[in-house]
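# Coordinate inspection notes
In case you want the letters, here they are:
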Amino acid sequence: MAALPERHPNLFEDVAEVLVTEEQVRAKVAELGQRISADYAGRPLTLVSVLKGSLPFMADLMRAVTIPLQIDLMEVSSYGGTATDSSGLVRILKDLSASIEGKDVLIVEDIIDTGLTLNYLLRYLRGKNPRSIRICALLDKPARRLVDLQIDYVGFTIPDRFVVGYGLDYGEVYRNLPFIGVLKPEVYSHA
Ligand code: 5GP
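The following refers to the structure shown. Please read all numbers here as calculations on a predicted model, not as lab measurements.

### Considerations on unusual backbone geometry
With an omega of -5°, the peptide bond between L51 and K52 qualifies as cis. Backbone geometry places N129, a non-glycine residue, at a positive phi of 55°. As for its placement among the helices and strands, N129 is situated in the loop between α3 (116–126) and β6 (132–140). Despite not being glycine, Y174 has its phi angle at roughly 80°, a positive value.

Now the structure itself:
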């Protein structure tokens, strides 16, 4: 059995570097909320978020939007990959709970890396005949993109580093860090 990663009891001690601070996230979410409110005014907006990583972003973004909206949640898992690499094979663990036919759908994602997960989701959701479908991602890591995607709303473009916090995990931990950061190398070497 693989050894569990060695973690400091205080998660903050495992962080080597903060890439995006809590304040920067807050300001960006407010800005995205304003843009989305203006762009979708008078339209039947449904935010579809992808668990678990997008949970804090979704919770904050929906409160930064000032027009009526509905939310729905999906959960997908990519399988065949490792803790830090996605395989592109996607399994739906939780599907939408309501129809999106005729709705203006905005997918709320934590991070787009290779783009394979989102590419799969887009094809799946387009098959349900929404009126429109666009993408809002807090983080974009374009260096590793394998598919051509148009991301309509991007929070931050970041370098090719494995990040944790604000919903993003390493081995299911670190999601509750309030900022986006990079872990100390010794945390990975114990995995
Ligand atoms: P993609 O299919 O675009 O390669 O990967 C998308 C998913 O991989 C994200 O929703 C996220 O769950 C995971 N992922 C990609 N990059 C990172 C990263 O830097 N940190 C963490 N924690 N997860 C990532």
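### Description of the site of the ligand
Residues in close proximity to the ligand total 16 residues, the closest being T114, G115, T117, V163 and D169. One nitrogen or oxygen atom from the side chain of D110 is found 3.0 Å from an oxygen atom belonging to the ligand. At 2.7 Å, a backbone N or O of D169 approaches a nitrogen atom of the ligand. Taking 510 Å² as the accessible area of the ligand by itself, protein coverage stands at 87%. It is strand β5 (residues 104–112) that provides the largest number of residues to the shell around the ligand, a total of four residues. Residues that form the shell around the ligand fall into these classes: six nonpolar, four polar and six charged.

### Some details on the packing of aromatic side chains
With the rule as written, the count across this model stands at four aromatic pairs. Measuring from centroid to centroid gives 6.1 Å for F162 and Y170, while their planes differ by 75°, and the two rings are edge-to-face. Classification of F162 by relative accessible area gives partly exposed; the value is 22%. An aromatic cluster of at least three residues, connected via ring pairs, comprises F162, Y170 and Y188. Across the ring face of F156, the terminal group of K28 is positioned such that the distance to the ring centre comes to 5.4 Å.

### Details of the nonpolar core
I36, F57 and L139 are the most contacted members of the largest nonpolar core, which totals 28 residues. When contributions to this core are tallied by element, the ones reaching two or more residues are α1 (22–39), β2 (45–51), α2 (55–64), β5, β6, β7 (153–157) and β8 (180–183). Beyond its immediate chain neighbours, meaning those up to four positions away, L139 contacts V20, D110, I111, I112, F156, I158, V163, L168 and I180.

Reading guide: rules and limits
- Residues numbered from 1 in each chain as written.
- Predicted model: local features only at pLDDT ≥ 70, side-chain atom pairs only at ≥ 80, totals over all residues.
- Heavy atoms only, no water.
- Helix = DSSP H or I, 4+ residues; strand = E, 2+ residues; numbered from the N terminus.
- Near = heavy atom within 4 Å.
- Polar contact = N/O pair within 3.5 Å; in protein donor to acceptor, adjacent residues only side chain to side chain.
- Areas by Shrake-Rupley, 256 points an atom, 1.4 Å probe, with all protein chains shown as cover.
- Nonpolar A, V, L, I, M, F, W, Y, C, P; charged D, E, K, R; others polar.
- Phe/Tyr/Trp six-rings, centres within 6.5 Å; stacked < 30°, edge-to-face > 60°.
- Buried < 20%, exposed > 50% of the residue type's maximum accessible area, 1.4 Å probe, protein only.
- Lys NZ or Arg CZ within 6 Å of the ring centre and 35° of its normal.
- Core = buried A, V, L, I, M, F, W, Y, C linked by side-chain atoms within 4.5 Å.
- Contact = heavy atoms within 4.5 Å.

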